[in-house]
Amino acid sequence: MNYLDIINFRHACKIFDESKKISATDFDFILEAGRLSPSSTGLEQWDFLIVQNAKMREQIRAKCWNQVQITSCSHLVIILAKISDIKTDSKYLVDMISRRPDKSPEEHAARVKFYHDFLLGSFKNDDELIFQWSHEQCMFPALNMMNAAASIGIDSCPMEGFERDELGKILGLDPTKQRVAIVVPFGYRLNEQPPKFRRAIDDVVKWIE
């Protein structure tokens, strides 16, 4: 498939075939597409949680408006938005800077100052502001994983219809450290894909010349 074929294949799959499971190799490919995603200032403001426990999936489904995708999918990915790690004094921030062995001590120091000034000036170490930013960044790996899956014939369904606080409690999350950004089930469609409806290109695009 070319890239437009991939995008046309991908749709929000509502009912998965519970008899079909994604192979470990294919799912590793999907996760790698997420890991390699871009992020603002290169901070990778996400973590991926894969929930395969059937009992926990039932609990999650109850807090996701009882949507059947949660329990019928092959693999359930929950993308967590980082909060405390995206603060000026975090160990995560230090580690992200230190992982570049090609940089001189002076360049490392300049990067530390850049992050300190940028994060403090933009988000003021405020949990809500940081979550909003991290949440936005989490959409990049979500889309990359969904399109990677589509490229090998695997379906997905991006979901933000859930009770965030309650879902966090089920997952044992500290809301000052991480919060659920988006839930993405993966698997194989049970039914034929419905038609895709989108606005015409002339309605979407405006040129300024």
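Up top is the structure.
Residues numbered from 1 in each chain as written. Predicted model: local features only at pLDDT ≥ 70, side-chain atom pairs only at ≥ 80, totals over all residues. Heavy atoms only, no water.

### Re the side chain of serine 134
Link 1 in the chain: As for its position among the elements, serine 134 is in helix 7 (residues 127-151).
Link 2 in the chain: Serine 134 sits in the buried class, given a relative accessible area of 0%.
Link 3 in the chain: In this structure, serine 134 is in contact with Gln45, Ala81, Lys82 and Ile86, ignoring residues within four places of it in sequence. (Helix = DSSP H or I, 4+ residues; strand = E, 2+ residues; numbered from the N terminus. Buried < 20%, exposed > 50% of the residue type's maximum accessible area, 1.4 Å probe, protein only. Contact = heavy atoms within 4.5 Å.)

### Details of the nonpolar core
Link 1 in the chain: Of all hydrophobic cores here, the largest spans 31 residues; its most connected members are Ile30, Leu43, Ile79, Ile86, Leu119, Ile154 and Phe186.
Link 2 in the chain: Listing elements by their share of this core, those giving two or more residues are helix 2 (24-35), strand 2 (75-82), helix 5 (91-98), helix 6 (105-123), helix 7 and strand 4 (178-187).
Link 3 in the chain: Top element by residues in this core is helix 7. It accounts for eight residues.
Link 4 in the chain: Among residues more than four places away in sequence, those in contact with isoleucine 79 are Trp46, Asp47, Phe48, Cys138, Pro141, Ala142, Met145, Arg179, Val180, Ala181 and Ile182.
Link 5 in the chain: Core analysis: the second largest hydrophobic core is formed by 18 residues, Cys13, Phe16, Val51 and Leu76 among them. (Core = buried A, V, L, I, M, F, W, Y, C linked by side-chain atoms within 4.5 Å.)

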